[in-house]
Amino acid sequence: MIPGLRWALPALVVAACVGYLIYSASGGSAEYYLTVGELRSHASGGDVRVAGVVQDDVLKSAGGLRVTFTEKDATASVPVDYSGPLPDIFKPGITVVAEGRLGKDGVFHARTLLAKCPSRFSTTAYTQ
Amino acid sequence: MLGYLGAGTLLAALVMGGFSAVLSFWAGWTQNAVMVQVGRRAFYTATAMIVVAGAVLEWALLSHDFSVPTALVAAGFYGGQEGSLLYWVMVLGILGSVSLVASASLGVRLAAYAAGVMAAIVSFFLVVLVLVASPFDLLSVTPPDGLGLNPILRDGGMLIHPPVVLAGFASFAIPFSFAAAALLAGRTDEAWIAHTRRFALMAWSLQTAGLVLGMWWAYHVLGWGGYWGWDPVENVAFMPWLATTAYLHSSQVQEKRGRFRAWNFGLVILAFLLVIFGTFIVRSGVVPSVHTFAISEIGPWFLAFLFICIVFSTILLAARSQSLGSGAEPAALVSREGAFVLQNLLLIGVVAVVLWGTVLPLVSGMLGQQRVVGVSYYERAAGPLFLLLLLLMAAGPLLPWRRAAGRASVRALTWPAGVAAIVLIALAVAGVRSIPALVALPLVAAVVATCFTQYARLGRGWSRLPGMMIRRRRRYGAYLAHLGLAVLVTGIAASHFWQQEKDVTLAPGQQVTVAGYTLTYAGSDVRQLADHTELVGSMKLGTSTLEPARATYAGLGGQSLTHVAISTTPLADVYVVLTGVDEAGSASFRIFVSPLVIWIWAGGAIIIVGVVLGNVGERAAELEAVRRRVPALAR
Amino acid sequence: MTLIVATLLLFAAGPFVMWPLIKTPAEESK
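Report on the accompanying structure. (Residues numbered from 1 in each chain as written. Chains lettered and ligands numbered in written order. Predicted model: local features only at pLDDT ≥ 70, side-chain atom pairs only at ≥ 80, totals over all residues.)

## Things to note about the overall build of chain C
Helix and strand counts for chain C stand at one helix and zero strands. Residues counted as buried form 13% of the 30 residues belonging to chain C. (Helix = DSSP H or I, 4+ residues; strand = E, 2+ residues; numbered from the N terminus. Buried ≥ 20, exposed ≤ 12 C-beta atoms within 10 Å, placed from the backbone.)

Okay, here's the thing in structure tokens:
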């Protein structure tokens, strides 16, 4: 007799529960992660994440709590509108990930904005 | 010059490590005790060479003039990609050497194979260091402006967090090596567990400390009011911790009762594989993350190593599967053993949840459109599992060994159940309606009650209590660690369920009230410091002044950094971020009030204290007890 | 240069590593 066969049934029950939890939780909250180029052709209605590079046209207002900028990757660009605190390293040239929705006005309304954290010990000298 | 010295030392270490691995395996196979000793010495020598290489790297860093504080330059050792690998293999070598010193008593074959496996792992790291990612290549090129350590990383937390996390990863290779050696040598008894228990505890403690330090750093520095984002880098440090936690508990069952052999081998291997897998994920850039490490070529190497380790472990387990049973009649389902099995299953379940969330972008990207999960996935999928684990923490220690729980257990459970009921009623009366909170907090209270009933069992008179606690300290240290976890979980629950947040723009003299705390904006101020300017927006909170600021580093392209101002009390943190000041002098703030945050850090500290106090000394007595039960232990 | 350093170190470490081998025949031949 395989030792621990008695535990096989509880193990299966737990595994089934875990599988169900994973399945039901990811159904609701998985978001598509797109490049700027894919954004316009993406159809679904939910929130998406877009990664791109901040361009030079950063406009801040209301004391830093709201910013508009254009995000661009190799193929396309999209204007982004965001309200909230900016990541510390936010400035033109950095890569950001914006989470939100592309509005009918062609502007991406971002709910959250994340910047890529810098490498710990960078050997590339910072340029102006 | 130093570059050649360092690179040469690493190359010598690689040769020595490879030699140690090959010789140790051969010597174990042929049971040649003298050659086993030679193999061990080769391992010690390789370690010494690695330490020398590390010293050379540190010397080279410190003797460059970077106009950056010394502590930060010293930290550059493990801060860079290559240096962090050197640090890792150094910790592995040193701890491995310590574990090998007394290993002869385990038997020639087991000791030889353990040295062989450890030397093989060390050699892998050295291959990567020598061929792909040499820390000494960097130094032959002097950067123009010095290595401008990014200001966001110039923080005390960032100095301690990486070496602690890395040491936690590295030290887990020791239990793994001895487990693999035990399987290779056909010695599935508890000798390897008893010998490596200290190292497993150390690894777990380091991982715990590393996680809590990371949370503390993120909270204090990043300015988003939180401490955990389920980012791949965080997940990759969390998963081994879960497996190690399961292993720590499960291995006690084997030490005391000789059972759970298959579980323990499986868990130790799982934890080690998760560490390698995590390293691959984080350093290869295959999964999008907020933390970018320098994406380098070492990713594929770790993937290959992971594959080799998986194949090796699977073959070993399959080959020895016959001898993994303890031969005894299985215990009842609702017994202490049953509780440990359920704990193992649940913890592995959480690993599965986190693993899926972490690799989904990779898998979905390969099959079609890349998708990522949000924070709510982890909460919805892992939350119920965590709650069940809390329940186990409260009920498990009260269950009997082997037999099914009977009336005595039900009586023992009345204390925790009663305390839980009281807390539940109190919460409901206070107006709490969130289901997770209504389940979690009573369960935490039950855990605390259980710990105290365990302490109470000692007392047959208060005067005997201290003596008993010292003699049975392993057990009571563990309950102290459980209490620490209860405190930590309470802190997380309170700050998670009841955090309040407000965005506000104030003119000087204006006030804002958040969650009963009133802050008055006193005015802004620009201060010039050595390498940066600070824009400070002072807020008065009661009698104290908070000074959230934005620092701008002109020498680094005008990069700015948030300095968060936090007022901490045992009840709550008032956390203020300055987002900007306009021309009229009005300042914009984001304010968080998070209850019981300090309980998180305090809980973490109590856990470590519990583990340390519970395991000081006493080694000889433990080993003797195991030796009596394991006839194969050579003496 | 790297190779020279490595070789020197390996030679220097040789006696320490090989000591159990050197020691045993010496005892046996006593």
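## Quick notes on the pairing of strand β1 (residues 30–35) of chain A
In this sheet, strand β1 (residues 371–373) of chain B lies alongside β1 of chain A in antiparallel orientation, the contact comprising three bridges. The residue of β1 of chain B that forms the bridge with Tyr-32 of chain A is Arg-371 of chain B. Examined bridge by bridge, β1 of chain A and strand β2 (residues 48–54) of chain A share four bridges and lie parallel to one another. Pairing of Leu-34 of chain A across the sheet is with Val-50 of chain A, part of β2 of chain A. (Pairing = 2+ DSSP bridges.)

## Notes on the interface of chain C and chain B
At the junction of the two partners, chain C supplies 14 residues and chain B supplies 16 residues. Of the residues that constitute the side of chain C that touches chain B, the class distribution is 12 nonpolar, two polar and no charged. (Contact = placed C-beta atoms within 7 Å. Nonpolar A, V, L, I, M, F, W, Y, C, P; charged D, E, K, R; others polar.)

## A few points about the environment of Trp-228 of chain B
Residues and elements named next belong to chain B. With respect to the helices and strands, the residue Trp-228 is situated in the loop between α9 (191–221) and α10 (232–257). The spatial distance from the C-alpha of Trp-228 to the C-alpha of Val-212 is 9.9 Å, given a sequence separation of 16 residues. Look past the residues within four positions of Trp-228 in its chain and what remains in contact with it is Met-215 and Glu-234.

## Section: the sheet that holds strand β9 (residues 565–568) of chain B
Residues and elements named next belong to chain B. On the basis of which strands lie adjacent, the open sheet formed by four strands has the order β2-β11-β10-β9 and antiparallel pairing. The two strands at the open ends of the sheet, each matched to only one other strand, are β2 (500–506) and β9. Ignoring which end each strand starts from, the neighbouring axes of this sheet average 15° apart. Bridge analysis of strand β10 (residues 572–581) against strand β11 (residues 587–595) gives nine bridges, and the strand direction is antiparallel. Paired with Ala-572 across the strands is Pro-595, a residue of β11. (Axes fitted to C-alpha atoms, helices over the stretch in contact; angles between N-to-C directions.)

## Side note on the packing of helix α1 (residues 2–30) of chain B against helix α5 (residues 108–132) of chain B
To characterise two packed helices, one gives the angle between the axes of the helices and the distance between these axes. All names here are of chain B. Direction vectors running N to C along α1 and α5 enclose 155°, while the axes themselves pass 7 Å from each other. As far as their axial angle goes, α5 and α1 are roughly antiparallel. The two elements α1 and α5 meet at a crossing, and its hand is left-handed. For the contact of α1 with α5, the class distribution of residues is 17 nonpolar, seven polar and one charged. (Parallel < 35°, antiparallel > 145°, perpendicular 65-115°, else oblique. Left-handed = near helix turned anticlockwise from the far one by under 90°.)

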